[in-house]
Amino acid sequence: MENEKIKNLQSKTKQLLQEAQSGSGILPKEIETLRSVLQFHENRYYVLDNPLISDYEYDMLYKQLEKLEKENPDLIVADSPTQRVGKGLTASFPTVPHLVPMLSLDNSYDSDDLIDFDRKARELTGLEVIEYCVEPKFDGASISLVYENNQLGRGATRGDGVRGDDITPNIKQIRTIPLSANFLDYGLQTVEIRGEVLINKNNFKKFNDALIEQGISPLANPRNAASGSLRIKDPLEVSRRKLEAFVYHISYYTVDDSKKKDKSGNQLSSTNYQLSSHSQSLEILWNLGFRSPQKEKRVLKGIQAVIEYCNEFEVERENLPYEIDGMVIKVNDFELQDKMGMTTHHPRWAIAYKFKARQATSKLLRVEYQVGRTGNIGPVAKIEPVPIGGVTVGSVSLFNEDNIREKDIRIGDTVLVERAGDVIPYIVKPLTELRTGTEQAIRFPTNCPSCGDELYRVAEEAAWRCTNINCPAQILERLYHFTSKDAMDIRGLGEANIKKFYNLGWLQSIPQIYQLDYEAIGALEGFGKKSVDNLKAAIEATKKQPLHRLIFALGIRFVGETMAKTLAHAINNILDLQNFDEEALQNLEDVGPKVASSVYSFFQNDDNIKMLKKLQSLGVQLQNDKKQFVPGGSLKGQTFLFTGTMNQLKRSEAEAMVEAQGGQIVSGVSSKLAYLVVGDDAGSKLEKAKKINSIKIISEDQFLKMIHKD
Ligand code: IVH
């Protein structure tokens with residue numbers, strides 16, 4: 001989007017925010033402006049990953065729109081941001097025909113296959129060198145979208161390639177898919193687009209953690225999670241799954257008649273109004289607000305350059321927030337594509353280059369049992385260490401007893417193990433044909449491996465639980481969770497120190513975190529004055545964490561980060577939650593009976609209230625500091641890393657400054673990093689960052705200017 005347009009939308013945003021905060025609120029005549037402002041910010045947040053306003057500000061505007069539409073129902077339009085939340089689907093999905101059949105892709109596995117593909121392409125086109133567009137092969141569920149006169153008309157699954165399931169209400173939950181897009185600006189009237197629905201690794205992990213916590217078998221991998229989510233009959237549940245979509249192909253379009261004539265009404269030749277290349281269509285989609293692989297794609301001449309880019313991207317794969325399983329190589333020019341044509345199975349002008357499999361076989365040696373924060377027992381298989389996609393895997397989660405029984409996994413089995421990105425490796429299946437008869441059934445323990453108490457299993461749950469709240473393993477897990485990065489983020493008090501202090505009897509409850517005897521710690525081996533000072537500073541600093549972090553940190557069952565934010569928004573002080581009964585809790589957005597019951601019992605428990613009051617007396621903020629939701633926010637969505645020695649700032653100060661403005665500190669150099677701030681004598685991080693084009697390398701001075709700009 002051009003700068004002018006952005007500036008204009010930003011100034012409208014500012015104006016609307018002021019109006020929203022004023023007594024009278026936003027006026028009905030401004031509803032169109034309000035919608036376009038919200039659509040703009042949705043694109044900045046979901047597609048560009050670079051928001052220009054805070055979540056709080058977005059929510060405030062969104063609520064104004066909801067209010068205006070409620071008061072003036074005749075002003076509601078189908079592509080309003082409020083209309084994503086659908087009405088629910090009927091019992092089964094109707095099927096719809098695709099405008100053009102959804103073909104598959106031919107596969108290749110090494111450079112020889114690609115050289116062969118290029119040879120055939122040159123033969124078919126008669127050209128010596130071919131221009132290719134190369135982009136990632138997204139590993140999710142494929143979808144097709146139809147836009148008619150700028151409006152999203154329907155979204156469908158691939159189905160059998162000819163007909164798919166009409167899943168429009170679910171598709172509307174995906175924030176990277178615009179409900180309307182100005183295709184007519186390009187003369188495009190009816191447009192069919194192909195894309196892939198994904199769930200990013202981070203959200204997948206959170207989603208699975210929640211399932212495991214509830215004693216439900218987790219989903220195998222993000223691909224299954226995405227395709228399963230599209231078939232859920234409850235759009236609100238789909239919305240919770242935080243699906244994303246990349247679009248990568250315009251499979252069909254018609255051109256508006258007005259574009260077919262010049263100013264004097266003469267018919268133009270089709271080259272004047274038809275799309276000319278794949279890279280052009282990706283760019284148009286991007287400009288229209290879709291997430292296409294506009295940044296990831298490369299237009300390259302000749303197959304050698306293609307092979308090099310594929311190899312480069314295979315390394316990058318590990319750092320991506322979502323799963324890809326290869327690259328797709330497409331002849332860029334549409335005329336050439338037409339000339340090459342298709343088989344009944346795949347186009348001749350494209351090929352998939354598949355990355356090395358992330359599966360391997362290994363032997364299951366034994367099973368260990370870990371106790372979770374809420375007493376759930378997690379079986380972990382120890383296998384003969386085996387490299388899978390560049391990482392050595394020696395432990396594999398077995399999730400729960402049902403998973404073991406359903407797959408009939410036994411000790412001594414040769415098992416097929418899959419690792420998908422950052423996701424916990426899992427056993428796909430045992431290779432039963434390799435059994436020798438010496439394999440042994442896995443016997444789930446009847447007593448807690450930590451405290452020895454008897455284990456219980458709730459009827460509808462798959463997890464066995466230890467119900468002893470004083471169980472040492474559970475206490476440790478609760479402390480790990482409380483201090484973890486997404487919770488109170490107490491750096492320096494890592495798992496090793498927590499365990500050490502626990503064993504010394506110094507740290508056996510949450511309030512004791514704020515009562516540590518630093519002198520005694522300083523006397524321990526391995527703790528210098530500096531490290532004790534740092535630890536103290538880190539702990540002290542977290543007393544002022546925003547309330548939603550504290551709520552999440554308490555580890556209340558079913559209360560994840562999003563739910564913690566919902567609760568925090570509804571109260572002024574955490575103790576207010578004592579006054580919410582289950583019904584009042586269920587009136588809050590997205591709070592179902594399970595969450596309500598769990599939150600209710602947590603805040604009716606005297607020990608928990610005592611613990612919170614103790615935290616308060618130790619200086620931990622229980623109050624909702626609303627200001628924290630409206631930060632300067634100028635670094636929101638930006639990632640930073642500091643390397644080398646700085647002259648004007650301590651590293652911890654610099655990091656705190658970034659976080660105060662909504663930025664994030666990352667731990668290593670990868671494509672996820674936006675800014676590397678370089679001090680004196682910077683080493684390998686700087687070298688690595690130089691190789692990744694997207695990272696901006698800045699000095700301490702530049703950093704300070706950036707921080708003080710606003
Ligand atoms: S192009 C007619 N591009 O891979 C060509 N497909 O194995 C249409 N896929 O069915 C496909 N990323 O679901 C294309 N960048 C990409 C892709 C991609 C993932 C999927 C798609 C296709 C499957 C073939």
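A brief report on the enclosed structure follows. (Residues numbered from 1 in each chain as written. Predicted model: local features only at pLDDT ≥ 70, side-chain atom pairs only at ≥ 80, totals over all residues. Heavy atoms only, no water.)

### Quick notes on the sheet that holds strand 23 (residues 675-678)
Point 1. Across the sheet, which stays open at both edges, the four strands sit in the order 22-21-23-24 with parallel pairing between neighbours. For this open sheet the edge positions go to strand 22 (664-665) and strand 24 (696-699), each flanked by a neighbour on one side alone.
Point 2. As paired elements, strand 21 (residues 639-643) and strand 22 share two bridges and run parallel to each other. What sits directly across from threonine 639, in strand 22, is glutamine 664.
Point 3. Against the sheet, helix 22 (residues 651-660) makes contact with strand 21 and strand 22, and its axis sits at roughly 170 degrees relative to strand 21, the strand it touches most. (Pairing = 2+ DSSP bridges. Helix = DSSP H or I, 4+ residues; strand = E, 2+ residues; numbered from the N terminus. Contact = heavy atoms within 4.5 Å. Axes fitted to C-alpha atoms, helices over the stretch in contact; angles between N-to-C directions.)

### Overview of the site of the ligand
Point 1. Taken together, 13 residues are adjacent to the ligand, and Glu135, Pro136, Phe138, Glu196 and Lys330 come closest.
Point 2. In this structure, an oxygen atom belonging to the ligand sits 3.4 Å away from a side-chain N or O atom of serine 142.
Point 3. When the ligand sits alone it has 530 Å² of accessible area, and the protein chains cover 90% of it.
Point 4. Listing elements by their share of the shell around the ligand, those giving two or more residues are strand 3 (131-138) and strand 10 (324-331).
Point 5. For the shell around the ligand, the per-class residue count stands at seven nonpolar, two polar and four charged. (Near = heavy atom within 4 Å. Polar contact = N/O pair within 3.5 Å; in protein donor to acceptor, adjacent residues only side chain to side chain. Areas by Shrake-Rupley, 256 points an atom, 1.4 Å probe, with all protein chains shown as cover. Nonpolar A, V, L, I, M, F, W, Y, C, P; charged D, E, K, R; others polar.)

### Brief notes about the pairing of strand 13 (residues 377-388)
Each regular strand carries side chains that alternate between the two faces of the sheet.
Point 1. Judged from the seven bridges that link them, strand 12 (residues 359-371) and strand 13 form a sheet pairing that is antiparallel. Opposite leucine 364, over in strand 13, you have isoleucine 383 as the bridge partner.
Point 2. Two successive antiparallel strands, strand 12 and strand 13, enclose a turn made up of five residues, where glycine 375 displays a positive phi of approximately 90 degrees.
Point 3. Pairing geometry for strand 13 and strand 14 (residues 391-397), over six bridges, is antiparallel. Looking at the pairing, lysine 382 lines up with serine 395 of strand 14.
Point 4. Between strand 13 and strand 14, which follow one another and run antiparallel, lie two residues, and glycine 389 among them has a positive phi close to 55 degrees.

### So, the nonpolar core
Point 1. Ranked by size, the top nonpolar core spans 55 residues in total, and within it Ile513, Tyr514 and Ile574 carry the most contacts.
Point 2. Of all elements in the fold, only helix 13 (472-483), helix 14 (495-503), helix 15 (518-522), helix 16 (529-541), helix 17 (547-553), helix 18 (561-569), helix 20 (593-604) and helix 21 (606-617) reach the threshold of two or more residues within this core.
Point 3. With residues up to four places along the chain from it excluded, the contact list for tyrosine 514 reads Phe482, Met488, Ile490, Ile539, Thr542, Lys543, Leu615, Leu618 and Val620.
Point 4. Ranked by size, the runner-up nonpolar core spans 34 residues in total, among them Ile167, Leu179, Ile199 and Phe204. (Core = buried A, V, L, I, M, F, W, Y, C linked by side-chain atoms within 4.5 Å. Buried < 20%, exposed > 50% of the residue type's maximum accessible area, 1.4 Å probe, protein only.)

### Observations concerning the packing of aromatic side chains
Point 1. Using the criterion set out here, one finds 19 aromatic pairs in the structure.
Point 2. Where phenylalanine 501 meets phenylalanine 527, the ring centres are 6.0 Å apart and the plane angle is 35 degrees; that geometry is what we call tilted. In this pair, phenylalanine 501 is assigned in helix 14 and phenylalanine 527 in the loop between helix 15 and helix 16, connecting sequence segments 26 residues apart.
Point 3. Taking relative accessible area as the criterion, phenylalanine 501 reaches 0% and is therefore assigned buried.
Point 4. Here a set of aromatic residues connected by ring pairs shows up, and it is made of Phe138, Phe246, Tyr248 and Tyr322.
Point 5. The lysine or arginine in question, lysine 594, covers the ring of phenylalanine 558, its NZ or CZ lying 5.0 Å from the ring centre.
Point 6. A cation over an aromatic ring shows up here: lysine 696 above the ring of tyrosine 675, its NZ or CZ 4.9 Å from the ring centre. (Phe/Tyr/Trp six-rings, centres within 6.5 Å; stacked < 30°, edge-to-face > 60°. Lys NZ or Arg CZ within 6 Å of the ring centre and 35° of its normal.)

### Comments concerning the pattern of salt bridges
Point 1. The final tally for this structure, using the stated rule, is 37 salt bridges.
Point 2. Across the salt bridge formed by arginine 291 and glutamate 244, the nearest N and O atoms sit 2.7 Å from each other. A residue pair is termed long-range when its members are at least 10 positions apart, and arginine 291 in the loop between helix 9 (278-287) and strand 9 (298-301) and glutamate 244 in strand 8 (residues 243-255) qualify at 47 residues. Comparing arginine 291 with glutamate 244, the two get one shared label, buried.
Point 3. With a shortest N-O distance of 3.5 Å, lysine 356 and glutamate 314 are connected by a salt bridge. Of this pair, lysine 356 sits in the loop between strand 11 (350-354) and strand 12 while glutamate 314 sits in helix 10 (residues 303-316), and the two are 42 residues apart along the sequence.
Point 4. Connected through shared salt-bridge partners, Asp116, Arg119, Lys120 and Glu123 make up one network. (Salt bridge = Lys/Arg side-chain N within 4 Å of Asp/Glu carboxyl O.)

### Overview of unusual backbone geometry
Point 1. Its identity is not glycine, yet phenylalanine 399 carries a phi of approximately 65 degrees, on the positive side.
Point 2. With respect to the secondary-structure elements, phenylalanine 399 resides in the loop between strand 14 and helix 12 (401-407).
Point 3. Of the residues examined, phenylalanine 399 reaches a relative accessible area of 12% and is grouped as buried.
Point 4. Backbone geometry places aspartate 681, a non-glycine residue, at a positive phi of 55 degrees.
Point 5. Mapped onto the elements, aspartate 681 comes out in the loop between strand 23 and helix 23 (684-690).

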